[in-house]
Amino acid sequence: GCRARRLRESKIVISIEGAQAPPTVCTQLDDLNDYCSPLAAGALVKTVLLFSGFVRLRGEAPPLEQQLIDAGGGLEVVTWSRLPTGSGLGTSSILAAAIIASVGAVHGVAYDKADLVHAVLLVELML
């Protein structure tokens, strides 16, 4: 599952509920560059944020702080799963759908089932 909320601070905080690892905190665009490395901390969340247009890396992208201010603030994203990583049970697809829906809700965007399935496919291709 996933929950997302706005932050007053201009940063993105990504964490896994119950994990021993500290949260991944993104304060500059360089912190998002590893989004396409599936084993990088927070890669799936970073990819969803780029896919959804919440942040931009390419072209004339302003600094992350400015992008977050323009978007209404930072973002905290917390994910969780009871399925084991690498189990072959579709954990990443299920989690991608939850992240897309949660980030969309923060932006006031609701996805119907068909759009959500298509969005998951595109996010997984970005990874």
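So, here is what we can say about the structure in this document.

**Quick word on the pattern of salt bridges**
- Scanning all chains against the criterion turns up three salt bridges.
- A salt bridge links E76 to R5; the shortest N-O distance between them is 2.5 Å. Here E76 is found in strand 4 (residues 74-79), whereas its partner R5 is found in strand 1 (residues 2-7), with 71 residues between them in sequence.
- With a relative accessible area of 48%, R5 lands in the partly exposed category.
- Among the salt bridges present, the one from K46 reaches D34, with a minimum N-O distance of 2.6 Å. With a gap of twelve residues between them, K46 in helix 1 (residues 43-51) and D34 in the loop between strand 3 (24-26) and helix 1 connect regions that are remote in the sequence.

**Digging into the side chain of T47**
- Within the secondary structure layout, T47 lies in helix 1.
- What makes T47 buried here is its relative accessible area of 0%.
- Of note is the side chain of T47, whose polar atom sits 3.0 Å from the backbone oxygen of Y35.
- Those residues in contact with T47 that sit more than four places away from it in its chain are Y35, V123, M126 and L127.

**Some thoughts on the environment of R56**
- Position of R56 among the secondary structure elements: in the loop between helix 1 and helix 2 (64-71).
- Here R56 falls in the partly exposed class, since its relative accessible area comes to 43%.
- With 27 residues separating them along the chain, R56 and L29 place their C-alpha atoms 8.3 Å apart.

**Overview of helix 2**
- Among the residues of helix 2, those classed as buried are L64, Q67 and L68. The arc enclosing the buried residues of helix 2, seen along the axis, measures out at 95°, which places them on a common side.
- If you follow the buried residues of helix 2, they end up packed against strand 2 (12-16), strand 3 and strand 4.
- Looking one or two places after helix 2, you find G72, whose phi comes out positive at around 105°.

**Let's talk about the pairing of strand 2**
- Within strand 2, four of the five residues are buried, which leaves it mostly tucked inside the rest of the structure.
- Relative to strand 3, strand 2 is paired through three bridges, and the arrangement is antiparallel. Along strand 3, the bridge assignment pairs I14 with T24.
- With five bridges joining them, strand 2 and strand 4 adopt parallel strand pairing. For I12, the partnering residue across the bridge sits in strand 4 and is L75.

**Topic: the sheet that holds strand 1**
- Strand order across the open sheet formed by four strands is 1-4-2-3, with mixed pairing between neighbours. Two strands in the sheet have a free side with no partner beyond their single neighbour: strand 1 and strand 3. Pairwise comparison of adjacent strand axes, ignoring direction, gives a mean angle of 15° for this sheet.
- The pairing of strand 1 with strand 4 spans six bridges and is classified as antiparallel. Bridging across to strand 4, R5 finds its partner in E76.

Parameters and conventions
Residues numbered from 1 in each chain as written. Predicted model: local features only at pLDDT ≥ 70, side-chain atom pairs only at ≥ 80, totals over all residues. Heavy atoms only, no water. Salt bridge = Lys/Arg side-chain N within 4 Å of Asp/Glu carboxyl O. Helix = DSSP H or I, 4+ residues; strand = E, 2+ residues; numbered from the N terminus. Buried < 20%, exposed > 50% of the residue type's maximum accessible area, 1.4 Å probe, protein only. Polar contact = N/O pair within 3.5 Å; in protein donor to acceptor, adjacent residues only side chain to side chain. Contact = heavy atoms within 4.5 Å. Arc of directions from axis to C-beta. Pairing = 2+ DSSP bridges. Axes fitted to C-alpha atoms, helices over the stretch in contact; angles between N-to-C directions.

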